[in-house]
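# An overview of the molecular structure
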Amino acid sequence: SQVSLEEESQNPPAAGHWKPLMPSKGDKEEPEGGCQDAGGVHEPQCTEQLNVSRLRSSSVEIREKGSEFLRDELHKAQKELKLKDKECERLSKVREQLEQELEELTASLFEEAHKMVREANTKQAAAEKQLREARGKIDMLQAEVTALKTLVITSTPSSPNRELHPQLQSPSKGGFRKGHGRNKSTSSAMVSAASQNVAPEPVSRECREVDSILFAEFQAWKESPTLDKSCSFLDRIYREDVGPCLDFTKQELSELVRVAVEQNTLTIEPVASQAVPVGKVAAEECGGPKKCALSGLPRTCKHRIMLGDSGNYYYISPSCRARITAVCNFFTYIRYIQQGLVRQDVELMYWEVMRLRREMSLAKLGFYPSEM
């Protein structure tokens, strides 16, 4: 028995051989056959093999489920990505729309700002124009006051000035007074003073008679005063006085001067008061201190004119200045009448208009005071 036991130990049965735990795919059925051949001796080994196969099948199922889960997650991520792309596209459109609206708003704001600047410049120019007109009126009123003071000075108790004291005139001559005292120029006052100083000869008083046609035209204009030259009163004065008085050799510049006088935008100033600015036109077109821009003749020009806000100065001779001044005085007086500033009888206003017409007639014929 001892020998048999040794033989059995030396020669173990074939069914008892160990097989690898990770068999190949072709050897899946071997564990079962081995277990059957071995009988109940090697049951733990078969159980282990069965557990390994089960683990393998479970891992396959897990991999399949994991792949399905990953596919689902991938689909979800793709859907979310598409939604985000759509949202980004929508936001980009909103941004473009906002940028366009911002550009339009900026452009409208700039346009409104430029419009406000233009309006402010226009208002400033209008205010400056009104200021110049007011200063011109003030200068004219100061000249009138100076003339009145001169007349008052020339009137003494021993030799009263009958123009200032109508009560001293005879009843037959008291109905009319020569001229309009408020608008007498300084030169006329000086001439009257000089005539009174040289009084060895008797002073001949002129006789006046109202022209019925002219007076009727003036009365019709006085009912509704206007500066429109289509009315018969101003149409006659334009044809007979204003037009010839402002008719100079330089026709184009003469027309500009006439328009400036009508619009009350002409400025006359002495040459010596300011430095000569650089005009926008050539010097030969503007004349010079020794050449008149209106007549084109070599004359000593003591004054210059500016038309509106052009900034161009034109040198004018004393004769041209006298003609322009005579027309300006006429327009100033009829503007006073239109504005209701003249509180006198219609006949007195008529004679003042006739005096101003006479000044224009004399100026256009070349007569002007030496002070000019």
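Residues numbered from 1 in each chain as written. Predicted model: local features only at pLDDT ≥ 70, side-chain atom pairs only at ≥ 80, totals over all residues. Heavy atoms only, no water.

The protein is annotated in an unreviewed UniProt entry as R3GEF factor from Cardinalis cardinalis. Under Sequence similarities (unreviewed entry), UniProt gives the following word-for-word description of the protein: "Belongs to the SEC2 family." (UniProt positions renumbered as here; feature names shortened; annotations may be inferred.)

## Topic: the packing of aromatic side chains
Aromatic rings in a pair are described by how distant their centres are and how their planes are angled relative to each other. Taken as a whole, this structure holds eight aromatic pairs when the rule is applied. Ring centres 6.0 Å apart and planes at 70° place the aromatic pair Y238 and F331 in the edge-to-face group. Of this pair, Y238 sits in helix α6 (residues 232–245) while F331 sits in helix α9 (residues 318–338), placing them 93 residues apart in sequence. As far as burial versus exposure is concerned, Y238 and F331 are alike and both buried. Three or more aromatic residues joined by ring pairs make a cluster, and in this case those are F215, F218, W221, F233, Y350 and W351. Across from the ring centre of W351, 4.7 Å away, lies the NZ or CZ of R208, which sits over that ring. Directly above the ring of Y238 sits K229, whose terminal nitrogen or CZ lies 5.2 Å from the centroid. (Phe/Tyr/Trp six-rings, centres within 6.5 Å; stacked < 30°, edge-to-face > 60°. Helix = DSSP H or I, 4+ residues; strand = E, 2+ residues; numbered from the N terminus. Buried < 20%, exposed > 50% of the residue type's maximum accessible area, 1.4 Å probe, protein only. Lys NZ or Arg CZ within 6 Å of the ring centre and 35° of its normal.)

## Here's the deal with the nonpolar core
Counting 47 residues, the largest nonpolar core has V242, V257, L294, I324 and F330 as the members making the most contacts within it. Going through the elements one at a time, α5 (212–223), α6, α7 (251–263), β2 (303–307), β3 (313–316), α9 and α10 (346–364) are the ones with two or more residues in this core. Once you skip the residues sitting within four places of it in the chain, V242 turns out to touch I237, V327, F330, F331 and M360. (Core = buried A, V, L, I, M, F, W, Y, C linked by side-chain atoms within 4.5 Å. Contact = heavy atoms within 4.5 Å.)

## Describing the pattern of salt bridges
What the rule picks out here adds up to 13 salt bridges. Residue R90 pairs with E87 through a salt bridge whose shortest N-O separation is 2.4 Å. One end of the pair is R90 and the other is E87, both in helix α3 (residues 43–154) and three residues apart, which spans about a single turn. Note that E240 is salt-bridged to R357, the shortest N-O span being 2.6 Å. Of the two residues, E240 is situated in helix α6 and R357 in helix α10; the sequence distance between them amounts to 117 residues. By relative accessible area, which is 9% here, R357 ends up buried. (Salt bridge = Lys/Arg side-chain N within 4 Å of Asp/Glu carboxyl O.)

## Quick word on the environment of S230
For S230, the location among the structural elements is in the loop between α5 and α6. In terms of polar contacts, S230 uses its side chain to reach the side chain of D228, at 2.7 Å. (Polar contact = N/O pair within 3.5 Å; in protein donor to acceptor, adjacent residues only side chain to side chain.)

## Some words on the sheet that holds β3
The strand order across the open sheet formed by three strands is β1-β2-β3, and the pairing between neighbours is antiparallel. Among the strands making up the open sheet, the edge pair consists of β1 (266–270) and β3. Across the sheet, the mean angle separating the axes of adjacent strands is 30° when strand polarity is ignored. Alignment of β2 against β3, held across four bridges, turns out to be antiparallel. Note that in β3 the partner of I305 across the bridge is Y314. (Pairing = 2+ DSSP bridges. Axes fitted to C-alpha atoms, helices over the stretch in contact; angles between N-to-C directions.)

## What about a negative patch on the surface?
There is a patch of like negative charges on the surface, built from E61, E64, E68, D72, E73 and E80. In this structure, E80 sits in helix α3. (Patch = residues over 30% accessible without salt bridge, like charges linked within 9 Å, V, L, I, M, F, W, Y side chains within 5 Å. Areas by Shrake-Rupley, 256 points an atom, 1.4 Å probe, with all protein chains shown as cover. Lys, Arg positive; Asp, Glu negative; His and termini not counted. Charge placed at Lys NZ, Arg CZ, Asp CG, Glu CD.)

## Some thoughts on the packing of α7 against α9
Relative to each other, α7 and α9 sit at 30°, their axes nearing to 9 Å. Taken together, the axes of α7 and α9 lie roughly parallel to each other. Crossing handedness for the pair α7 and α9: right-handed. Residues V257, V261, E262 and Q263 of α7 form the contact with α9, whose own contacting residues are I324, V327, C328, F331 and R335. (Parallel < 35°, antiparallel > 145°, perpendicular 65-115°, else oblique. Left-handed = near helix turned anticlockwise from the far one by under 90°.)

## Thoughts on empty space enclosed by the protein
Per the counting criterion, the structure on display carries one cavity of 30 Å³ or more. For the largest cavity, the full set of lining residues is L214, E217, F233, R236, I237, M354 and R357. Mapped by element, the contributors of at least two residues to the lining of the largest cavity are α5, α6 and α10. Per element, the largest residue contribution to the lining of the largest cavity is three residues, and it comes from α6. Of the residues in the lining of the largest cavity, the class split is four nonpolar, no polar and three charged. (1 Å grid on protein atoms, 1.4 Å probe; cavity = no way out; pocket = protein on both sides within 12 Å on 5 of 7 lines; lining within 4 Å. Points joined across faces, edges and corners; volume = space filled by probe spheres on them. Nonpolar A, V, L, I, M, F, W, Y, C, P; charged D, E, K, R; others polar.)

## Looking at the packing of α9 against α10
It is the contact of α9 with α10, at a shortest axis distance of 8 Å, that shows an interaxial angle of 165°. One element, α9, and the other, α10, form an angle in the roughly antiparallel class. In this structure, α9 crosses over α10, and the sense of that crossing is left-handed. When α9 is examined against α10, the residues A322, R323, A326, V327, N329, F330, Y333 and I337 are found in contact with a partner set consisting of M349, E352, V353, L356, E359, M360, A363 and K364.

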